[in-house]
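Residues per chain are reported as follows:
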2 protein chains.
Amino acid sequence: MTTPQQLTTITTTASRVAPIVAATTDTERAAWLEAVADTLDAHVDELVALADSETSLGTTRLTGEVARTTGQLRLFAGVVREGSYLDATIDHANPAATPPTPDLRRMMRPLGPVAVFSASNFPFAFSVAGGDAASALAVGCPVIVKAHPAHPLLSRRTAELVTEALRDAGAPEGAFALVEGVETGSELVRSPAIEAVGFTGSVHGGRALFDLAVSRPKPVPFYGELGSLNPVLVTPSAVSDELAAGLAGSFTLGVGQFCTKPGVVFVPRGSDFGDRLVAAVGSPAPAPMLSADLASGFASGVARLAAVDGVTTLLGGEQAEATGSPVVLSTTVSALLADPESVLVECFGPATLLVEYGSVDDALEAIAAVGGSLTATLHATPADDSAEIAESLARISGRVLFGGWPTGVAVNWAQQHGGPWPSTTSSTHTSVGAAAVRRWLRPVAYQSAPSAVLPPALRDGNPLGIPRRVDGVLALG
Amino acid sequence: MTTPQQLTTITTTASRVAPIVAATTDTERAAWLEAVADTLDAHVDELVALADSETSLGTTRLTGEVARTTGQLRLFAGVVREGSYLDATIDHANPAATPPTPDLRRMMRPLGPVAVFSASNFPFAFSVAGGDAASALAVGCPVIVKAHPAHPLLSRRTAELVTEALRDAGAPEGAFALVEGVETGSELVRSPAIEAVGFTGSVHGGRALFDLAVSRPKPVPFYGELGSLNPVLVTPSAVSDELAAGLAGSFTLGVGQFCTKPGVVFVPRGSDFGDRLVAAVGSPAPAPMLSADLASGFASGVARLAAVDGVTTLLGGEQAEATGSPVVLSTTVSALLADPESVLVECFGPATLLVEYGSVDDALEAIAAVGGSLTATLHATPADDSAEIAESLARISGRVLFGGWPTGVAVNWAQQHGGPWPSTTSSTHTSVGAAAVRRWLRPVAYQSAPSAVLPPALRDGNPLGIPRRVDGVLALG
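Peer 1: How would you sum up helix 1 (residues 4-22) of chain A? Please name residues and give values.
Peer 2: Residue and element names in this part refer to chain A. In this model helix 1 runs 26 Å from its N-terminal to its C-terminal C-alpha over 19 residues, within 8% of the 27 Å that 1.5 Å per residue would give. Approximately 35° is the largest bend angle found in helix 1, and it occurs at Arg16, with the proline Pro19 only one to four residues beyond. Within helix 1, the full set of buried residues consists of Leu7, Thr11, Thr13, Ala14, Val17, Ala18 and Val21. On its buried face, helix 1 sits against helix 2 (26-42), strand 4 (143-146), strand 5 (176-179) and helix 7 (182-190).

Peer 1: Tell me about the interface of chain B and chain A, residues and numbers included.
Peer 2: How big an interface is tends to be reported as the loss of accessible area on association of its parts. Taken together, the contact pairs 68 residues of chain B with 68 residues of chain A. Summed over both partners, the interface of chain B with chain A comes to about 5500 Å²; 56% of that surface belongs to carbon and sulfur atoms. At the surface where chain B touches chain A, the tally comes to 6 salt bridges. The closest approach of N and O atoms between Arg469(A) and Glu82(B), which form a salt bridge, is 3.1 Å. Here chain B is connected to chain A by 42 residue pairs in polar contact (both at pLDDT 80 or more). Only strand 1 (89-91), strand 2 (104-110), helix 8 (203-214), helix 15 (386-396), strand 16 (397-402) and strand 17 (441-447) of chain B provide two or more residues apiece to the side of chain B that touches chain A. The residue inventory of the side of chain B that touches chain A, partitioned by class, reads 35 nonpolar, 17 polar and 16 charged. Two strands pair when backbone bridges link them, and strand 17 (residues 441-447) of chain A and strand 16 of chain B are joined in this way by 3 bridges, in the parallel orientation. By the bridge assignment, Ala445(A) is partnered in strand 16 of chain B with Arg399(B).

Peer 1: A description of helix 10 (residues 273-281) of chain A should follow, citing residues and the corresponding values.
Peer 2: Residue and element names in this part refer to chain A. Three or more residues of helix 10 are buried, namely Phe273, Gly274, Leu277 and Val281. Down the axis of helix 10, the smallest arc covering the buried residues is 100°, so these residues share one side. Facing away from the buried side of helix 10 by over 90 degrees, the exposed positions are Asp275 and Ala279. Buried positions along helix 10 lie against helix 9 (241-252), strand 9 (264-268), strand 11 (312-315), strand 13 (327-332) and strand 14 (351-357).

Peer 1: Which residues make up the nonpolar core, and what are the values?
Peer 2: Residues Leu233(A), Phe266(A) and Tyr446(B) are the most contacted members of the largest nonpolar core, which totals 107 residues. No other element matches helix 4 (residues 59-82) of chain B, which puts 8 residues into this core. Excluding its chain neighbours within four sequence positions, the residues that come into contact with Phe266(A) are Pro231(A), Val232(A), Leu233(A), Val234(A), Val333(A), Leu336(A), Val355(A), Tyr357(A), Ala363(A), Ala366(A), Ile367(A) and Val370(A). Counting 106 residues, the second-largest nonpolar core is a separate cluster that includes Leu57(A), Leu86(A), Val264(B) and Ala390(B).

Peer 1: Give a detailed account of the sheet that holds strand 6 (residues 196-200) of chain B, specifying residues and quantitative values.
Peer 2: All names here are of chain B. In space, the 5 strands of this open sheet follow the order 5-4-3-6-7, with parallel pairing throughout. Looking at the sheet topology across the chains shown, the edges are occupied by strand 5 (176-179) and strand 7 (222-225). With strand direction ignored, the average angle separating the axes of adjacent strands in the sheet is 15°. Sheet contacts for helix 5 (residues 131-138): strand 3 (114-117), strand 4 (143-146) and strand 6; angle to strand 4, the most-contacted strand, approximately 170°.

Peer 1: Go over the relation of the copies chain B and chain A, please, and point to the residues and values.
Peer 2: Copy one and copy two of the chain differ by a rotation about an axis and a translation along that axis. Screw-axis analysis of chain B against chain A gives a translation of 0.0 Å along the axis, an RMSD of 0.0 Å, and a rotation angle of 180°. Interpreted geometrically, this transformation is the action of a two-fold axis. When the interface residues of chain B are mapped onto chain A, 100% of them again fall at the interface, so both copies present the same face.

Peer 1: A description of the sheet that holds strand 3 (residues 114-117) of chain A should follow, citing residues and the corresponding values.
Peer 2: All names here are of chain A. Strand order across the open sheet formed by 5 strands is 5-4-3-6-7, with parallel pairing between neighbours. Of all the strands in the sheet, the pair left with one neighbour each is strand 5 and strand 7 (222-225). Ignoring which end each strand starts from, the neighbouring axes of this sheet average 15° apart. Relative to strand 7, strand 6 (residues 196-200) runs parallel, the two sharing 4 bridges. Bridged to Phe199 within strand 7 is Gly224. Contacts between helix 1 and the sheet are confined to strand 4 and strand 5, with strand 5 contributing the most and set at about 160° to the helix. Packing against the sheet, helix 7 makes contact with strand 3, strand 4, strand 5 and strand 6, and its axis sits at approximately 150° to strand 4.

About the criteria used
Residues numbered from 1 in each chain as written. Chains lettered and ligands numbered in written order. Predicted model: local features only at pLDDT ≥ 70, side-chain atom pairs only at ≥ 80, totals over all residues. Heavy atoms only, no water. Helix = DSSP H or I, 4+ residues; strand = E, 2+ residues; numbered from the N terminus. Expected span 1.5 Å × (residues − 1). Bend = angle between axes of the 7 residues up to and from the residue. Buried < 20%, exposed > 50% of the residue type's maximum accessible area, 1.4 Å probe, protein only. Contact = heavy atoms within 4.5 Å. Buried area = accessible area lost by both parts, 1.4 Å probe. Salt bridge = Lys/Arg side-chain N within 4 Å of Asp/Glu carboxyl O. Polar contact = N/O pair within 3.5 Å; in protein donor to acceptor, adjacent residues only side chain to side chain. Nonpolar A, V, L, I, M, F, W, Y, C, P; charged D, E, K, R; others polar. Pairing = 2+ DSSP bridges. Arc of directions from axis to C-beta. Core = buried A, V, L, I, M, F, W, Y, C linked by side-chain atoms within 4.5 Å. Axes fitted to C-alpha atoms, helices over the stretch in contact; angles between N-to-C directions. Least-squares fit on C-alpha atoms with pLDDT ≥ 70 in both.

Shown next, in the form of structure tokens:
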């Protein structure tokens, strides 16, 4: 555990180096990220073995996750080199205006030291060198990562590699640090040195830290990705064995330990989709979950849900110690609407709840009750009128899928990972994809500034060659 | 006052029409805003007379403020027509990637009904048809404005004109509403219908509403512009009579009732800047303030500040009922640093505090203690090394001025009105200028969507002709 004294040293150092990190160029920081990516790639076997010993996620998945993680680092390197993220905007002085307007130049600047809370279920992609840390470092914010207690050895080893790579690449000492301990995490959020917080985890833990962040004497932005039911709507014409097999694969993937797992699936009443799904799942052996705590939480959550009036168990139920076995439950729109608080709970693990609907309108009413989700998925056929359904799904989620399954999150420019509460604390941002850098930035305008004091991004002649808006007109670099 | 029943009707209606407003085109909403602007311009004499009777701000200033307000409405019309604000981003499917990635298209969508709290000191530009309302309506959010009690008649008349203009321009009934009453305002922030809040006012009132917004079961973004000291640093070589005259004009403008008023001015020790300033201010007649409450708050705030150890009064002090007279106080960096909480308080009215410094480094240390401000201003000459000073000023503010004075805020693409706490609750946004629309938006990504269900902004062929990023490459419309 990190002692209070150590934490103070770390946060004080982060504050001290923040202006130094902020003053580095995008090219320099892009090179830091690429150095970190190269180091992780070079140590992939060691890291995957360590991760598997702590998470039981398996070497195939974990190897893929390292590749995703180094891909993220390289994406953010590209994002800052490209320069649009700076939102550079120049309005020249207009002495003819009433009243006359001065020369104004606006761009994004780093917020300062950022706290990042690791997730249990992505020991690489949402942990020590994950997307939050990468996006914050990319734009010039020092990063202090709170390790997740489910993979401490991996966290420490990753932090060692990141620290070495950053040092070798010329980053200032103290631009990156790892801390451990629950109380340390709370103190970190309270620290006056911290200017923003990134978090991936449960609604309960996330809300508690959110409340800390916003009740500080100086509140700071808290970007939390919490829980999500990820509703799926299957129209009558879309029911098929293939669809059942797809859902079976998605909700059991990684032992159901994904924030994008399809947790509630609306299916037409009287269809045999439940039977098809149970057949598709089969009877796999119980699989170890990320931690014994998570497994027992899954078992009790599923048991509670199965006991709600109007909910029946189609498959599974009993869970063996520290493992998860697939569970398929079933209910109806009317039972859901009669007691939404009991029915609409996320069971983090391999469970999904089928909800039988009479008409698509009834299903949409129930989906509105599901509230905020990271994703919402429609399985329809061209014969269905999808436009209105798509609008309803967009109102409650950050990513609307037409076919396919929400597990699997591409890391690119168009990705959106964040939706209305409770799926995130800040639906106006994303924690995956290029736009994730925006969480760590604030605008600063320079009025009538001499060229010598302007950041290069705002100087005449566009020395960085980046996209800019000049006198209202966007121009490419 | 708005009754609880009326408020419920208004918020319920706003929720109901939100999808209808969201489904309108940018061109349609731009026309709404222009219709509102035209109506306000057509009624300028009536509105200015009403405003002057309630605010005593004078017809010249108020006529200019109407022009600014209608200019804002037209700017936001242009912003949504231009379309960059949608941040339209397309990543085509890449079957060759590991793992393969689907077609993903992301854009900004309106958050839903928004609450806007009017300010006392800008009865037009930050009130019923002000920047918050205009920017939210522009992007498709219904707006419920809480009137400021200092100008109720103007608020009601403006709301009538806005409502008529919107109706005539084809906006749905209920896309705009006015409410009144302190308790009504709190209930509005608590309403589940409200998805975000804009506020301009005091630190005390703003913090109370911020706390309400973030402690809701479903927290919502709160964009508050609270208080600001707007520090000014004058280097030894920049001291002049002209500078003193400029400061005198700026801190007394509008009886000092601007959030960008220069409230604390760092001047070299041993210079005669204080004498020059007192001479420049002269002895104007006491001027009526916006309200008797504000005037008595100003009088007591100035008296408290004048009584702090190490603070001396160079000009003024006693205040007559309901009016404000210029006050110039003076202190030193060491007195400021000895008791920052007593010295660094905003006196909303025509007062400024000179702080004598020994070295520029001492001044920068004190400016760091000032904390977050909307603006920070440097008065230097080419002989001064301004680059490091500029960095220090950028760390604590949202707009850094080189020469000139912070009162007077151009409304254009590059403006930034928002800085670190306590000047705003959200330093990552602006409440003035084109980027103000971003406060009311959240991203939604569409995965593998059929063209027919996609919003036009994301369809192949770019039917709207807007700037978009396609496969990572930004392209103009």
